[in-house]
Amino acid sequence: MIEGHGDDLYRYDAGMVRINFSTNIYQHADHRALREYLAEHLDVISNYPEPQPRSLEKIIAQKLGITPEAVMVTNGATEAIYLIAQMLHHSASIIPQPTFNEYADACRINHHIISYENTDDLKELPNDRVYWICNPNNPTGNVMTKGIIEYMVRRSPRYTFVVDQSYEDYTKERLIQPEEMIDCHNLLVLHSLSKRFAVPGLRIGYVTGHPDVIQLLRTIRHPWSVSALAIEAGKYLLKRNEPVIPDLDDYLLETERLRANLRQIEGIRVFETKTNFMLCEIEPATSTKLKFYLVHEHGILIRDCSNFTGLSDHFFRVATQRPKENDALVGAIREFISNLPENKV
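The paragraphs below set out a description of the structure included in this document. Please read these numbers as outputs of a predicted model, since none were measured by experiment.

Before going further, it helps to examine the packing of aromatic side chains. Taken as a whole, this structure holds 11 aromatic pairs when the rule is applied. Geometrically, the ring pair formed by tyrosine 293 and phenylalanine 336 is tilted, given 5.2 Å between the ring centres and 50° between the ring planes. You can see tyrosine 293 sitting in helix 11 (residues 287-298) and its partner phenylalanine 336 sitting in helix 12 (residues 323-338), a full 43 residues away along the chain. Judged by relative accessible area, which is 16%, tyrosine 293 ranks as buried.

Given below as structure tokens:
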């Protein structure tokens with residue numbers, strides 16, 4: 001497992017962080033009804049959960065319009081990543097960078113040959129390959145168009161494509177719908193209820209794919225990997241099916257406003273994004289120093305991206321918060337840069 005993910009709030013004393021920009025998950029969800037529901041159903045923790053959460057899988061399948069045999073619920077999308085890498089052990093994996101580090105970690109553990117390029121100049125790799133695609137991509141916020149992915153999957157049946165759509169509810173771009181590609185043996189799509197409903201602490205993800213491939217995954221998973229409380233919460237959230245982001249259009253407009261304001265700061269470069277988070281580069285200092293300053297001087301937490309493959313120690317990532325909070329971030333970064341020795345008169 002990779003250390004140094006975003007949302008490392010646990011590293012800091014209680015109350016030290018006022019505004020958390022380090023996680024891509026929406027921070028202002030109203031979980032009062034969920035907490036009340038779980039408080040009334042705490043008796044589920046007195047017994048073992050289902051060895052495989054089939055009841056939750058049936059609900060998801062019904063929502064998606066596919067057979068339950070094409071859905072496997074996992075302990076967050078991360079469990080699915082490691083199970084897929086295990087199922088495809090000793091494969092040749094292509095992981096375009098920068099992206100979520102757990103793909104490479106799971107592949108290393110399971111003895112994959114890893115390439116961080118997506119070109120065809122890799123003569124030493126076998127013809128059978130696994131392509132790991134984070135879409136929307138973390139940390140860049142880029143989105144690969146649905147048509148391109150569909151074309152690649154159907155054109156290259158010998159290649160396996162793992163498409164991680166964990167942030168699919170945080171973009172307006174068209175993405176793969178499970179019912180459209182369920183006939184493909186070479187495609188697995190990852191999803192995250194944790195991110196969709198902003199409950200990362202519950203760890204609820206799922207993977208969709210051809211029933212034959214999902215059955216292979218089931219044979220290697222550990223029993224009881226999804227807790228009884230998570231299963232109960234998943235059922236409740238899917239039954240209500242209320243979006244945690246009140247207005248995605250407004251949220252993405254605020255993302256563009258934040259991006260525009262950050263770009264006005266001398267020494268800060270901000271990359272384009274199709275979702276609620278964005279990759280930034282600071283030229284006059286390291287991202288580690290910036291993170292330390294922001295959290296200790298302003299109670300603001302950002303994601304230091306120096307441990308992403310392909311990125312230097314000048315990159316960081318932020319996810320959009322409320323307008324006042326976003327303005328506080330811009331002001332704090334501006335202050336940090338103005339206080340650098342070379343900028344002092």
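Attention now goes to the sheet that holds strand 4 (residues 113-115). Spatially, 2-8-7-6-5-3-4 is the arrangement adopted by the 7 strands of the open sheet, whose pairing is mixed. Two strands bound the open sheet, and with one partner strand each, they are strand 2 (71-74) and strand 4. Put simply, the sheet's adjacent strands are angled 20° from each other on average, direction ignored. In this structure, strand 6 (residues 160-164) lies alongside strand 7 (residues 187-192), joined through 4 bridges in parallel fashion. Directly across from valine 163, in strand 7, lies its bridge partner valine 189. Where helix 2 (residues 54-64) meets the sheet, it contacts strand 2 and strand 8 (205-209), and its direction lies at approximately 130° from that of strand 2.

Mapped onto the secondary structure, arginine 221 falls in the loop between helix 8 (211-218) and helix 9 (228-240). On the accessibility criterion, arginine 221 (7% relative accessible area) is buried. Placed 142 residues apart in sequence, arginine 221 and glutamate 79 show a C-alpha to C-alpha distance of 8.9 Å. Ignoring sequence-local partners within four residues, the contact set of arginine 221 consists of Gln52, Pro53, Glu57, Met72, Val73, Thr74, Glu79, Leu83 and Val226. Of the polar contacts made by the side chain of arginine 221, one reaches the side chain of serine 225; its length is 2.6 Å.

Before going further, it helps to examine unusual backbone geometry. In this structure, the amide linkage connecting glutamine 97 to the following residue, proline 98, adopts the cis form with an omega of -5°. Each neighbour pair has its own omega, and for asparagine 138 with proline 139 the value is 25°, a cis peptide bond. Following the sequence through the fold, proline 139 ends up in the loop between strand 5 (129-134) and helix 5 (146-155). The residue alanine 198 is not glycine, and still its phi comes out positive at about 60°. Note on alanine 198: relative accessible area 7%, which makes it buried. Although it is not a glycine, asparagine 241 sits at a positive phi angle of roughly 55°. You can see asparagine 241 is positioned in the loop between helix 9 and helix 10 (248-263).

Moving on, we come to the side chain of serine 91. Considering the arrangement of structural elements, one finds serine 91 in the loop between helix 3 (76-87) and strand 3 (92-94). Accessibility expressed as a relative area gives 16% for serine 91, which makes it buried. A polar contact is formed between the side chain of serine 91 and the backbone oxygen of leucine 88, at a distance of 2.4 Å. What serine 91 contacts, discounting residues up to four positions off in sequence, is His111, His112, Ile113 and Val130.

Here we come to the pattern of salt bridges. A complete count under the given rule lists 16 salt bridges for this structure. Where glutamate 57 meets arginine 54, a salt bridge forms, and the shortest distance between an N and an O atom there is 3.6 Å. Here glutamate 57 pairs with arginine 54, and both are found in helix 2, just 3 residues apart, close to one helical turn. What makes glutamate 57 buried here is its relative accessible area of 1%. Overall, arginine 54 belongs to the partly exposed group, its relative accessible area being 37%. Residue arginine 154 is joined to aspartate 183 by a salt bridge in which the shortest nitrogen-to-oxygen separation is 3.1 Å.

Taken as a whole and judged by the stated rule, the model has 0 disulfides. No disulfide involves cysteine 134; its sulfur sits 13 Å from the nearest other cysteine sulfur, which is in cysteine 305. Taking relative accessible area as the criterion, cysteine 134 reaches 9% and is therefore assigned buried. Here cysteine 280 stays free of any disulfide, with the sulfur of cysteine 305 as its closest cysteine sulfur at 8.4 Å. Assessed through its relative accessible area of 0%, cysteine 280 is described here as buried.

Thresholds, definitions, all that
Here the residue index of a chain counts from 1 through its sequence in written order. With the structure being a predicted model, the display of local features is reserved for residues of pLDDT at least 70 and the display and counting of side-chain atom pairs for 80 or more, all residues being used for whole-chain, interface and lining totals. Working from all heavy atoms in the structure, the side-chain values ignore hydrogens and water. Only the six-membered ring of Trp is used, alongside the rings of Phe and Tyr, when aromatic pairs are assigned; centres must lie within 6.5 Å, and planes under 30 degrees apart are stacked while those over 60 apart are edge-to-face, with the rest tilted. Strands are runs of DSSP state E lasting at least two residues, helices are runs of H or I lasting at least four, and both sets are numbered from the N terminus onward. For every residue, the accessible area obtained with a 1.4 Å probe (protein chains only) is divided by the maximum for its type, and the residue is called buried under 20%, exposed over 50%, and partly exposed between those limits. Strand pairing is defined by DSSP finding a minimum of two bridges between the two strands. For helices, the axis comes from a line fit to the C-alpha atoms of the stretch in contact; other axes are also lines fit to C-alpha atoms, and the angle between any two N-to-C directions lies between 0 and 180 degrees. Should any heavy atoms of two residues lie within 4.5 Å, those residues are considered in contact. Polar contact criterion, stated in full: a pair of N or O atoms within 3.5 Å, where within protein one must be able to donate a hydrogen and the other to accept it, and residues adjacent in sequence count only if both atoms are side-chain atoms. Counted as salt bridges are all cases of a side-chain nitrogen of Lys or Arg within 4 Å of a carboxyl oxygen of Asp or Glu. By definition, disulfides here are pairs of cysteine sulfur atoms that lie within 2.5 Å.

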